[in-house]
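Observations on the three-dimensional arrangement
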Amino acid sequence: LRKIREQRRLFGSGGTSAMGVQTALRFFQVIEEEVAFSGTTGTLSENPESGTLRLYRGGVRMQEGTGKDYTLLGKTITLATAALDEEVFVADFQK
């Protein structure tokens, strides 16, 4: 019990203290990448953590979901409207 208390004192309790937040954040890795599309389909390099994908088309953030701008299944993004030649898509997400 004494060793546990000492470790908590040294490394923070994992709460909202600056040390706790820094400790928690080192477990998240944000990936930002350009995504190439063929028609309506594009593929990410890795599966994003649920709810963390943000996709931008020409710098404008798109909305995820059925009946919206795109859907996501695993690493595959399906656009509601096909990509045009030379359009730039950027995604960022946590893995």
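The following paragraphs examine the structure supplied in this document.

Re the overall build of the protein
Scanning the protein from terminus to terminus reveals two helices and eight strands. Across the protein, helices and strands are ordered from the amino to the carboxyl terminus as α-α-β-β-β-β-β-β-β-β. Within the protein, buried positions represent 22% of all 95 residues. Put simply, 64% of the contacts in the protein that link residues at least 6 apart link residues at least 24 apart. Of the roughly 7000 Å² of accessible surface on the protein, a fraction of 51% belongs to carbon and sulfur atoms.

Details of the environment of Ala82
Summarising the element assignment, Ala82 is placed in the loop between strand S7 (76–79) and strand S8 (89–94). Residues Ala82 and Thr40, spaced 42 residues apart in sequence, show a C-alpha to C-alpha distance of 4.4 Å. Beyond its immediate chain neighbours, meaning those up to four positions away, Ala82 contacts Gly39, Thr40, Arg57 and Glu87.

Considering the nonpolar core
Nonpolar side chains in soluble globular proteins generally cluster together in the buried interior. Membership of the largest hydrophobic core comes to 14 residues, with the highest contact counts inside it found for Phe37, Leu55, Ile77, Leu79 and Phe89. Of all the secondary structure elements, the ones that give two or more residues to this core are S7 and S8. For this core, the leading source of residues is S8, giving three residues.

Overview of unusual backbone geometry
One non-glycine residue, Glu86, lies in the positive phi region at around 70°. Along the polypeptide, Glu86 turns up in the loop between S7 and S8. Overall, Glu86 belongs to the exposed group, its relative accessible area being 77%.

Describing the sheet that holds strand S2 (residues 37–38)
On the basis of which strands lie adjacent, the open sheet formed by four strands has the order S2-S3-S7-S6 and antiparallel pairing. With partners counted over all chains shown, the strands left at the sheet margins are S2 and strand S6 (70–73), one partner each. In this sheet, S7 lies alongside S6 in antiparallel orientation, the contact comprising four bridges. Looking at the pairing, Tyr70 lines up with Leu79 of S7.

Here we look at the sheet that holds strand S1 (residues 30–34)
The strands making up a sheet associate through backbone hydrogen bonding, with each pair oriented either parallel or antiparallel. Strand order across the open sheet formed by four strands is S1-S8-S4-S5, with antiparallel pairing between neighbours. Looking at the sheet topology across the chains shown, the edges are occupied by S1 and strand S5 (60–61). By the bridge criterion, four bridges tie strand S4 (residues 54–57) to S8 in an arrangement that is antiparallel. Residue Arg57 lies in a different strand from S8, and its bridge partner there is Phe89.

Quick word on the pattern of salt bridges
Counted according to the given criterion, the structure contains three salt bridges. Asp92 is the salt-bridge partner of Arg54, the closest N and O atoms lying 2.7 Å from each other. Here Asp92 lies in strand S8 and Arg54 lies in strand S4, a separation of 38 residues in the sequence. Under the relative-accessibility criterion, Arg54 is labelled partly exposed at 33%. A residue is classified by how much of its surface remains accessible, and Asp92, at 9% relative accessible area, is buried.

Scoring rules and cut-offs
Residues numbered from 1 in each chain as written. Predicted model: local features only at pLDDT ≥ 70, side-chain atom pairs only at ≥ 80, totals over all residues. Heavy atoms only, no water. Helix = DSSP H or I, 4+ residues; strand = E, 2+ residues; numbered from the N terminus. Buried < 20%, exposed > 50% of the residue type's maximum accessible area, 1.4 Å probe, protein only. Contact = heavy atoms within 4.5 Å. Areas by Shrake-Rupley, 256 points an atom, 1.4 Å probe, with all protein chains shown as cover. Core = buried A, V, L, I, M, F, W, Y, C linked by side-chain atoms within 4.5 Å. Pairing = 2+ DSSP bridges. Salt bridge = Lys/Arg side-chain N within 4 Å of Asp/Glu carboxyl O.

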